[in-house]
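An overview of the molecular structure
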Amino acid sequence: FFFQAEDGIRDFCLSRGLGDVYKRQAGFRARAEYLKSVCYRTGILTSQIGKYHGDKEFALGLMITASHNPVQDNGIKIADIDGGMISSALEPEIERFVNSENIEADIEYFDKMLGSYFNREKSKMKPVVIVGCDNRPSSDELLELAKEGIKRNHGITIDVGKVTTPIPVSYTHLTLPTIYSVQISVVAVSLKKK
């Protein structure tokens, strides 16, 4: 699998380019049946990146969608704490991690690499990842796998449900107390409707 940024395609046979989707998104896209391990591992690496953003009260975003591509496709997009792409300098390491044959060794390697890249120690706060998915038949299963990866790495997920891509991305701009307030408001409104 190849990590794809907004500027195009790395592999025409297996994946499709992300150049025409919501601004500054990057991630993986392929036929949905090929993405199970990719989604799980992307959950792990997204929460791992979150551990190196310092003691900030911000979250990363993760969206399961293939935008306007055929229904049998799906994808996973990652948004950094500012709503933009994960740094392109991390792309080779992200690809290595997702394609690893020895995930345990590469978790340790990825962790050391992130410490060097960010030039800081891991935060004592648990990383928070805001997740959502579109309504494709494969999206629920792929989202659950990504959430398992986040949990495996001691991360916290805030699941915003079936939404369009801008929702998890725009939430990354908010501080965690604001995000939790929005979630509480949504739950209160949905309970009121019943």
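The model shown is predicted, which means the values in this text are computed figures rather than measured ones.

Topic: the packing of aromatic side chains
Enumeration over the complete set of coordinates arrives at three aromatic pairs. Ring geometry for Y52 versus F118: centroids 6.2 Å apart, planes at 5°, classification stacked. Note that Y52 is positioned in the loop between α1 (36–50) and β2 (60–64) and F118 in helix α3 (residues 103–118), a separation of 66 residues in sequence. In this structure Y52 comes out as buried when scored by relative accessible area, which is 4%. With relative accessibility at 16%, the residue F118 sits in the buried group. Through a chain of ring-to-ring contacts, the aromatic side chains of Y52, Y117 and F118 assemble into a single cluster. Against the face of Y109 rests R96, its NZ or CZ located 3.8 Å from the ring centre.

Here we look at the sheet that holds strand β4 (residues 128–133)
Sheet architecture is open: five strands sit in the order β1-β3-β2-β4-β5, paired in mixed fashion. Of all the strands in the sheet, the pair left with one neighbour each is β1 (26–31) and β5 (156–162). Sheet twist, expressed as the mean angle between neighbouring strand axes with direction ignored, is 15°. Taken together, the four bridges between β2 and strand β3 (residues 73–79) define a ladder with antiparallel strand orientation. Following the sheet pairing, G61 is matched in β3 by A79. Together, β2, β3, β4 and β5 form the strand contacts of helix α4 (residues 139–152), whose direction differs from that of β4 by roughly 170°.

Observations regarding α3
The periodicity of an α-helix, 3.6 residues per turn, causes residues three or four positions apart to be oriented the same way. Here α3 spans 22 Å end to end across 16 residues, near enough to the 22 Å set by a 1.5 Å rise per residue. All buried positions along α3 are accounted for by I103, D106, I107, F110, D111, M113, L114, G115 and F118. In this structure, the buried side of α3 is in contact with α1, α2 (91–98) and α4. Two residues or fewer past α3, N119 is found with a positive phi of approximately 55°.

Conventions adopted
Residues numbered from 1 in each chain as written. Predicted model: local features only at pLDDT ≥ 70, side-chain atom pairs only at ≥ 80, totals over all residues. Heavy atoms only, no water. Phe/Tyr/Trp six-rings, centres within 6.5 Å; stacked < 30°, edge-to-face > 60°. Helix = DSSP H or I, 4+ residues; strand = E, 2+ residues; numbered from the N terminus. Buried < 20%, exposed > 50% of the residue type's maximum accessible area, 1.4 Å probe, protein only. Lys NZ or Arg CZ within 6 Å of the ring centre and 35° of its normal. Pairing = 2+ DSSP bridges. Axes fitted to C-alpha atoms, helices over the stretch in contact; angles between N-to-C directions. Contact = heavy atoms within 4.5 Å. Expected span 1.5 Å × (residues − 1).

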